[in-house]
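Observations on the three-dimensional arrangement
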Amino acid sequence: VAAARDHLRCNNCETMIARLGRSALRVRPRDVAVAARTRLSSAAPAAAPQPLAREAVRDELGRAYATGRRKSSSARVWVFPGDGRVRVNGRNMVEYFKRATHVDEVIKPFLATKTACAFDVRATVAGGGLSGQAGAIRLGVARALQVY
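Structure report, in brief.

What counts and how
- Residues numbered from 1 in each chain as written.
- Predicted model: local features only at pLDDT ≥ 70, side-chain atom pairs only at ≥ 80, totals over all residues.
- Heavy atoms only, no water.
- Helix = DSSP H or I, 4+ residues; strand = E, 2+ residues; numbered from the N terminus.
- Buried < 20%, exposed > 50% of the residue type's maximum accessible area, 1.4 Å probe, protein only.
- Contact = heavy atoms within 4.5 Å.
- Areas by Shrake-Rupley, 256 points an atom, 1.4 Å probe, with all protein chains shown as cover.
- Pairing = 2+ DSSP bridges.
- Salt bridge = Lys/Arg side-chain N within 4 Å of Asp/Glu carboxyl O.
- Core = buried A, V, L, I, M, F, W, Y, C linked by side-chain atoms within 4.5 Å.

1. As for the overall build of the chain
- A tally of regular secondary structure across the chain gives five helices and five strands.
- For the chain, the sequential pattern of α-helices and β-strands runs α-α-β-β-β-β-α-α-β-α.
- By the burial criterion, 26% of the 148 residues in the chain qualify as buried.
- In the chain, 73% of the contacts between residues at least 6 apart in sequence involve partners at least 24 apart.
- Of the roughly 10,300 Å² of accessible surface on the chain, a fraction of 56% belongs to carbon and sulfur atoms.

Next comes the structure, spelled out in structure tokens:
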């Protein structure tokens, strides 16, 4: 299988080199083929990227702030320690979003980070429809959790 894969790579390389040779660049095909083969054979596997260390950014009240946008909606989101209450434009999230899918969308960042019921959220959102607003709040919550 490996020999067939190498043969296929070489055929593809040679086809590409032939195309380059016909182009206005006038690259010498043999030099390019040799360089491509040595690069393919000596390529070391890439190391896994290290996650960025984020600095906690909070205001004087201990809240993390972030902005989220989706479609034509934009949300300003504050995340702070609490018991899981989410207020959207001064109303409870369940009252504001009638569909369960919208509520699920807003709480996805908490489920992904396993911090459900550890933070309260206050969000102001404007523009667009309810689906766009739920997505904007979700992005704002995710960004705020990153900098908390």
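Structure's up, so let's keep going.
2. A few points about the sheet that holds strand β5 (residues 119-126)
- One open sheet holds the five strands; their spatial order is β1-β2-β5-β3-β4, and the pairing between them is mixed. Taken across any chain shown, the strands that pair with only one partner, and hence form the sheet edges, are β1 (64-70) and β4 (91-92).
- As judged from the seven bridges shared by β1 and strand β2 (residues 73-81), these two strands associate in the antiparallel manner. Across the sheet, Arg 69 pairs through a bridge with Ser 74, a residue of β2.

3. So, the pattern of salt bridges
- Applying the stated criterion to the full structure yields four salt bridges.
- In this structure, Asp 59 engages Arg 63 in a salt bridge whose closest nitrogen and oxygen atoms are separated by 2.9 Å.
- Using a relative accessible area of 25% as the deciding quantity, one classes Asp 59 as partly exposed.
- One salt bridge connects Glu 105 with Arg 138, and the closest N-O pair in it is separated by 3.1 Å. Taken together, the positions of Glu 105 in helix α4 (residues 100-113) and Arg 138 in helix α5 (residues 130-147) put the pair 33 residues apart, joining distant regions of the chain.
- Exposure remark for Glu 105: the relative accessible area of 18% places this residue in the buried category.
- The network of salt bridges with shared partners includes Glu 105, Lys 108 and Arg 138.

4. A few points about unusual backbone geometry
- Its identity as a non-glycine residue notwithstanding, Lys 114 has a phi of 55°, on the positive side.
- Mapped onto the elements, Lys 114 comes out in the loop between α4 and β5.
- According to the relative accessible area criterion, Lys 114 is exposed, its value standing at 77%.
- Notably, Cys 117 is not glycine yet its phi reads approximately 65°, a positive angle.
- Summarising the element assignment, Cys 117 is placed in the loop between α4 and β5.

5. Description of the pairing of β5
- In this sheet, β5 lies alongside β2 in antiparallel orientation, the contact comprising eight bridges. Bridge pairing links Val 79 to Val 121 in β5.
- Across three bridges, strand β3 (residues 86-88) lies against β5 in parallel orientation. Among the inter-strand pairings, Arg 87 is bridged to a residue of β5, identified as Arg 122.

6. A short note on the nonpolar core
- Counting residues in hydrophobic clusters, the biggest one holds 23 residues, and the most contacted among them are Val 88, Phe 97 and Ile 137.
- Looking at this core, the elements with two or more residues in it are β1, β2, β3, α3 (93-96), α4, β5 and α5.
- With six residues, the top contributor of residues to this core is α5.

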